[in-house]
Amino acid sequence: MNLEQAMIGVFLVNWEQAQNLRGVLHEDDFISGQGRKAFSLIIQATNAGEYLDLLIANGLGSYASAAMDNNWLLAAPAMWEHEAKKLAANSRGKRLASQVAKILALPDKTVLLDELTQLITTAQQQRGTGEISDLPAKLLEASLANINDDDRERRLYSGIAPLDDIIHGWRKGNVSVLGAQPSSGKTALALNIVRHNVRQGKRALFFSLEMAGTQLIDRLVADIAALDYGDINGKYLAQRQKDWYRRTAEELLTKDRLYIIDTCYLVEDMAGYIMSIKPDLVVVDFLQFCRTAAKRDNTADRLEYIISEFKRLAKLPYCPCHIMLLSQPSRRATQDINSMFTLKGSSAIEQGGDVIMMLDRPAVRDKNYPFEEAHLEVTKNKFGRTGKAELYFDGAYQRFREIREGDRWTKPEEENNRPHW
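About the thresholds
- Each residue is numbered by its place in its chain's sequence as written, counting from 1.
- Only residues with pLDDT of 70 or above have their local features reported here, since the model is predicted, and side-chain atom pairs are shown and tallied only from 80 upward, although totals for entire chains, interfaces and linings are computed over all residues.
- Side-chain measures were taken over the full set of non-hydrogen atoms in the model, leaving aside hydrogen atoms and water.
- What makes two strands pair is DSSP finding at least two bridges between them.
- Where helices and strands are cited, they refer to DSSP runs of H or I of at least four residues and of E of at least two residues respectively, numbered from the N terminus.
- Fitted lines through C-alpha atoms give the axes, limited to the stretch in contact for helices. The angle between two N-to-C directions lies from 0 to 180 degrees.
- We call two residues contacting when some pair of their heavy atoms lies within 4.5 Å.
- Expected helix span is computed as 1.5 Å times (number of residues minus one).
- Each residue is assigned to one of three classes by its accessible area relative to the maximum for its type, calculated with a 1.4 Å probe on protein chains only: buried under 20%, partly exposed between the two thresholds, exposed over 50%.
- Disulfide assignment relies on a single distance test, namely cysteine sulfur atoms paired within 2.5 Å.
- Orientation categories follow fixed angle ranges, with anything under 35 degrees roughly parallel, anything over 145 roughly antiparallel, 65 to 115 roughly perpendicular, and all other angles oblique.
- Basically, the charged four are Asp, Glu, Lys and Arg, the nonpolar ten are Ala, Val, Leu, Ile, Met, Phe, Trp, Tyr, Cys and Pro, and anything else, Gly included, counts as polar.
- Salt bridge criterion: a side-chain nitrogen from Lys or Arg within 4 Å of a carboxyl oxygen from Asp or Glu.
- Residues scored as charged are limited to Lys and Arg (positive) and Asp and Glu (negative), so that His and the chain ends carry no count.
- Exposure above 30% relative accessible area and no salt bridge define the residues that can form patches, which grow by joining like charges within 9 Å and nonpolar side chains of Val, Leu, Ile, Met, Phe, Trp and Tyr within 5 Å.
- Methods summary: accessible areas were calculated by the Shrake-Rupley approach with a probe of 1.4 Å, and residue burial reflects only the protein chains presented.
- pLDDT is a per-residue confidence score from the predictor, ranging from 0 to 100.

1. Brief notes about the sheet that holds strand β8 (residues 387-394)
Right, on to step 1. Read across the sheet, 9 strands follow the order β3-β2-β4-β5-β1-β6-β7-β8-β9 without closing on themselves; strand pairing throughout is mixed. Strand pairing shows two members of the sheet lacking a second neighbour, β3 (258-261) and β9 (399-402), which therefore form its edges. Geometrically, the sheet is characterised by an average inter-axis angle of 25° between neighbouring strands, direction not taken into account.
Right, on to step 2. In terms of strand pairing, strand β4 (residues 281-285) meets strand β5 (residues 322-327) through 4 bridges, oriented parallel. Bridge assignment links Val282 to a residue of β5, and that residue is Ile323.
Right, on to step 3. Lying on the sheet, helix α14 (residues 299-314) is in contact with β1 (175-180), β4 and β5; it crosses β5 at an angle near 155°.

Below, the structure written as structure tokens:
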């Protein structure tokens, strides 16, 4: 199947998603008579049913059927615009070559240079008119559409007021990074965010590269059902509490909203899950454990490639999502604990992360601090301000939340009597 016919098939099968290609392609870009006629009928129609009927009525039923069968482009929506531009460029090149051949065949060779110069000038002007002079108008149109599109309902929130006040929701099509020292609670915080979004009717996909999926469910149930995580982990639950656990876990896992994958390490395999499940939120715990089938010379190149792949996946037109990457600092880091530059592969993270957050629980480093004290600093925010959110960590329920009046803070001498979470 040639590219012309494949592109017609894209319009036939994906009417809504292919509408933005109408501005890329023109009738003259189709060299074959059937392709040109089919595209002409498509752009005249106002809905999918109408143009399919038009094609059949004009004797193009077999052509349309072939365009939809075994169409390699249908499985790669991210490539549609690229292939449409390639088709347009190829057809322009063929038309130009045909015109050059006609000029070279002219019997009067004295006008040869003038004719060729005029042809090249016209081609450059047409290209400039179509691709450059329209840019301001297209940018204005896009800007007005953006300002009138209230996308707040489509954004993803944490449910933690001081954090949401800074970020104003994570946007689909973007990548964020949550960094923290080991045992600071970055997995717990990510699960809190997942729980909030699942309860809001969003679909979440969690890639756990370190913990088993059952451990994550334990933490989620502790948070939602207010069951002490120490009791769940130590197998101290009474029968009534086990019933609460079961009902909560069933609610989480049977509503087609939460998927936990703990056996996937290749970013290429993750891409398959993302395209199949079409989640709103993806969490990868954690970035430095990710691998790729693509050969890369060193760790820095590998990490940069993996982050670029996640950015591409977040922007897929038919299943846009927000991808949150969890990350750990380098063992050799001596800088400020809240600096993004302490993260392993910080140059790639700094470049690829649209929002970067650093979680700190001082008690992890110094037992003189209260166990519950936590700080989340937004160190990069492509969409607005940075800032710090002061949080309270309730270890019993693996829950981060805003600080409330009357919260109890652990004194240092009480730490020895605290159960191990």
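So much for the structure itself; the text now carries on.
2. Describing helix α2 (residues 33-44)
Right, on to step 1. Compared with an ideal rise of 1.5 Å per residue, which puts 12 residues at 16 Å, α2 spans 17 Å between its outermost C-alpha atoms and is within 8% of the ideal.
Right, on to step 2. Where α2 is concerned, the buried positions are Gly35, Ala38, Phe39, Ser40, Leu41 and Ile42.

3. A look at the state of the cysteines
Right, on to step 1. For the coordinates displayed, the defined rule picks out 0 disulfides.
Right, on to step 2. Cysteine Cys321 is unpaired, with the sulfur of Cys319 as its nearest cysteine sulfur at 6.4 Å.

4. Brief notes about the packing of helix α13 (residues 267-277) against α14
Right, on to step 1. For the pair α13 and α14, interaxial distance at closest approach is 11 Å and the crossing angle is 10°. The pairing of α13 with α14 is recorded here as roughly parallel in orientation. Two secondary-structure elements touch here, α13 through Val267, Glu268, Met270, Ala271 and Ile274 and α14 through Tyr305, Ile306, Glu309, Phe310 and Leu313.
Right, on to step 2. By residue class, the composition of the contact of α13 with α14 is 8 nonpolar, no polar and 2 charged.

5. Here we look at the pattern of salt bridges
Side-chain pairs of opposite charge can arise where the charged atoms are in close proximity.
Right, on to step 1. According to the stated counting rule, one finds 13 salt bridges in the structure shown.
Right, on to step 2. The closest approach of N and O atoms between Asp151 and Arg155, which form a salt bridge, is 2.9 Å. For the pair Asp151 and Arg155, one class covers both residues: buried.
Right, on to step 3. The residue Arg312 makes a salt bridge to Glu309 at a minimum N-O spacing of 3.0 Å.

6. Side note on the side chain of Asp164
Right, on to step 1. As for its position among the elements, Asp164 is in helix α8 (residues 161-167).
Right, on to step 2. Look at Asp164: it is buried, it has no salt bridge, and the nearest opposite charge is Arg195 at 9.8 Å.
Right, on to step 3. Once you skip the residues sitting within four places of it in the chain, Asp164 turns out to touch Tyr157, Ser158, Gly159 and Gly169.

7. Quick word on a nonpolar patch on the surface
Right, on to step 1. A cluster of nonpolar side chains, namely Val13, Leu52, Ile56 and Met68, defines an oily patch on the protein surface of about 310 Å² accessible area.
Right, on to step 2. The class for Met68 is partly exposed, based on a relative accessible area of 31%.

8. Observations concerning the confidence of the model for the protein chain
Right, on to step 1. With 80% of its residues at a pLDDT of 70 or more, the protein chain has an overall mean of 83.
Right, on to step 2. Segment residues 127-132: pLDDT under 50, and 5 contacts once partners within four positions in sequence are set aside and those in other chains are kept.

9. Looking at unusual backbone geometry
Right, on to step 1. Between Asp285 and the following residue, Phe286, the backbone shows a cis peptide bond with an omega angle of 5°.
Right, on to step 2. Looking at where Phe286 falls in the secondary structure, it is placed in the loop between β4 and α14.
Right, on to step 3. One non-glycine residue with positive phi stands out, namely Ala226, at about 55°.
Right, on to step 4. Along the polypeptide, Ala226 turns up in the loop between α10 (213-225) and α11 (229-233).
Right, on to step 5. The class for Ala226 is partly exposed, based on a relative accessible area of 39%.

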